[in-house]
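# Residue-level structure breakdown
The lines below spell out each chain.
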Amino acid sequence: MRSKRHLWVIALLMVLSLVAAACGGSDDTGSDTGNNNGGDTGTATKGGTIHWESEEFGFTNGFDPTGEYLGEAWGVLSNLMGRGLMGYQHLAGDEGNTTIPDLAAEDPKISDDGLTYTFTLRDGVKFGPPLSRDVTASDVEFAFRRIATESLVAQYQNYYVGTIKGLELGKDPGAGGIEGINVIDDKTIEFTLTKPTGDFLYRLAMPATFPMPEEVAGCFDKAGDYGRYVISSGPYMFEGSDKLDASSCKTLKPISGYDPTKQMILVRNPDYDQSTDEYRENNFDQFDHTINTNTNDIEQKVLSGESEFVLTPTPQTLRKYVQDPELKDLLHVEAGDRTWYITMNLNAPPMDDIHVRKAVNWVMDKDGLQRAWGGPTVGEIAGHIIPDTMLNGILDDYNPYGSADNTGDVEKAMEEMKLSKYDPNGDGKCDESPECQDMLEIGSNVPPNTDMLPIVEASLEKIGITLDAREVADAYTPIQTVERQIPLSIRPGWGKDYADSYTFVGFLFDGRNILCTGNTNYSLVGMQADKADECGVPYAGDIPSVDDAIDGCIPELGDARVQCWADLDKQLMEEVVPWVPYLDAAAVWGTSPAVSKWEFDQFSGTPAWSRVAVDSSLQK
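These lines cover the structure that appears in this document, whether it is placed above or below. A quick note: this is a predicted structure, and the numbers were derived from the prediction, not measured. Note that residues are indexed from 1 along each chain, following the sequence as it is written. Per-residue local features are limited, in this predicted model, to residues with pLDDT of at least 70; the limit for side-chain atom pairs, both in listing and counting, is 80 or more; totals at the level of whole chains, interfaces and linings are taken over all residues. Note that water and hydrogens are dropped before the side-chain values are worked out from all heavy atoms of the structure.

## Let's talk about the overall build of the protein chain
For the record, the criterion: A run of DSSP states H or I qualifies as a helix once it reaches four residues; a run of E qualifies as a strand once it reaches two. Both are numbered from the N-terminal end. The reference for a compact globule is 2.2 Å times residues^0.38; the radius of gyration itself is calculated from the C-alpha atoms. With a 1.4 Å probe rolled over the protein chains alone, any residue whose accessible area is under 20% of its type maximum counts as buried; one over 50% counts as exposed, and the rest are partly exposed. Surface exposure here means Shrake-Rupley accessible area, sampled with a 1.4 Å probe, where a residue is shielded only by the protein chains that are shown.
Secondary structure assignment for the protein chain yields 17 helices and 24 strands. Relative to the globule expectation of 25 Å for 620 residues, the C-alpha radius of gyration of the protein chain, 24 Å, shows essentially globular dimensions. By its C-alpha atoms, the protein chain is 70 × 55 × 55 Å across when sized along the principal axes. For the protein chain, buried positions account for 61% of its 620 residues. With the model as given, the accessible surface of the protein chain reaches about 22,000 Å², and the carbon-plus-sulfur share is 46%.

What follows is the structure, given as structure tokens:
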């Protein structure tokens, strides 16, 4: 059910063309309108409370915008709590992938050489309680000073470090300490880049760049801690923000509206001025996101009208939505721009052997994994890394480890295993190697991971690998910590950061971006001996790198850029083999009848919270 949408690529190409023109060049691209499954449904009703329950928050950095890298968190931050220089319209499809000025009054002025961007802030945008003051250019600068602060673990800092002149990792450089960021006055800020960067406006629409008040955010120098104190510049704020004593760092106490173990409650920000914001509708009065570890209970509450939203319903609930005429219009299947995958650590035995990694790809029952998620409704079986929609369909038919029925090819897997150092007797299994017995695997303790695990175990046993499977509430932290040396994880998925394939490969496979903690290159592609030593792990040696290939794609424009990323995808699948990609995923949300208006946010892959609405008369 994948929507063959191509226009969002054109949105990026328009930005690339803008910079190319500034540099004296041009870019001539065609367009293919494709199909768009998005769009709003229903009529907005004002007021009421949104209820959304999930098994976990899953935050990667405690909701601190500087390092938070979870799509669901981005949906809340960008729709409800923050306003970056650039933003999105919070729509589905092509429109939802196009940046617009948000905190900025208009598009920036770009120098002829494409290196300098000058923004003017719009009037009337304020931080909410307890500060209730104007947002200034210095607050934007401070967000970048936090990105530069290594202890805060800005998980996607590589979009900015090395791109903005003088922005380097270390300690907070202080006001004016980043050469390429010039605060001209309260309303004007200028960025100077090291090289023309066609997607820079997209990078300025990400939550780490949203303005942050130094008098509060500056009190925290440890990753994630500011998440309990986030001061809103958007239409909603943490409940209890007005009770925060921000007179000094010592008087700060966690805001009551967010408890990372229980719930997040947002209420309207009294200092928000709707006249400054033409894109957010802000229909409801309150937003409650609550942790409920009982998946069945979550889904039953949505079906009964006690709650309004469920992400990726379990197969049994999905069938109800699909088969019940009264429910089918309440199932929203959108283009997800996301791949779910099994990650393999190239520095941890036995996954340090490419033949083992290829054998795992050959033997995996992807049909079973798709069924564990709910069948074809939730996405097509993936044959490679980057979602097909992001490559304009260039690799639609590419699947180097495919089998006729997608249940795996044991014979080819065993032939590959025979080439491995972990199969000393050459029987196609690594059952005589201790590294293959009770191999550590990290997964989540909720569906669909719990339903996937037996399928993965049964597949790997065919080539002699048994698992010591650890199903935990927080599976991302272990695999993001290099010293843990996790060989395999069935937990990860990756959605685009914005409408360009660099947002897949730049973070997931660039060896220069490996962090000892908060790492997103889980497979450690391109890891070098000095980084292994820094992170306190033995170095397996000869880990392949695609850094040069990434650098070769970055300056490309138009169709050549898309083709370059497609070629790199093939290189990764054939010469590196870091993953078993198994699902080219749709974004699937089930709602209750009380949701009077639905809209999807293509940027975050979540409901467009700033546009959805609930009819309180239909709530129970």
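So much for the structure itself; the text now carries on.
## As for the state of the cysteines
Keep this limit in mind: Two cysteine sulfurs form a disulfide in these notes if their separation is within 2.5 Å.
Evaluated as defined, the whole model comprises four disulfides. Sulfur-sulfur distance for the disulfide between Cys219 and Cys249 comes to 1.9 Å. Across the disulfide from Cys219 to Cys249, rotation about the S-S bond amounts to roughly -80°, and the bridge is consequently left-handed. Taken as a pair, Cys219 in the loop between α6 (214–217) and β9 (236–238) and Cys249 in the loop between β9 and β10 (258–259) lie far apart in primary sequence, 30 residues in all. Accessibility expressed as a relative area gives 45% for Cys249, which makes it partly exposed. Paired through a disulfide, Cys553 and Cys564 show a sulfur-sulfur distance of 2.0 Å. Here the disulfide of Cys553 and Cys564 is left-handed, its torsion about the S-S bond being about -85°. Of the two residues, Cys553 is situated in helix α16 (residues 547–553) and Cys564 in helix α17 (residues 558–576); the sequence distance between them amounts to eleven residues.

## A word on the pattern of salt bridges
Side chains that carry opposite charge are capable of pairing whenever their charged atoms lie near each other. As a reminder of what qualifies: Whenever Lys or Arg places a side-chain nitrogen within 4 Å of a carboxyl oxygen from Asp or Glu, that contact is recorded as a salt bridge.
Under the counting rule described, the total for this entry stands at 28 salt bridges. With a closest N to O distance of 3.3 Å, Asp123 and Lys187 form a salt bridge. Note that Asp123 is positioned in the loop between β6 (116–120) and α4 (137–147) and Lys187 in the loop between β7 (181–185) and β8 (188–192), a separation of 64 residues in sequence. Ionic pairing is found between Arg512 and Asp547, a salt bridge with its closest N-O pair at 3.7 Å. Highlighted residues: Arg512 in the loop between α14 (502–508) and α15 (529–535) and Asp547 in helix α16, separated in sequence by 35 residues. A residue is classified by how much of its surface remains accessible, and Arg512, at 46% relative accessible area, is partly exposed.

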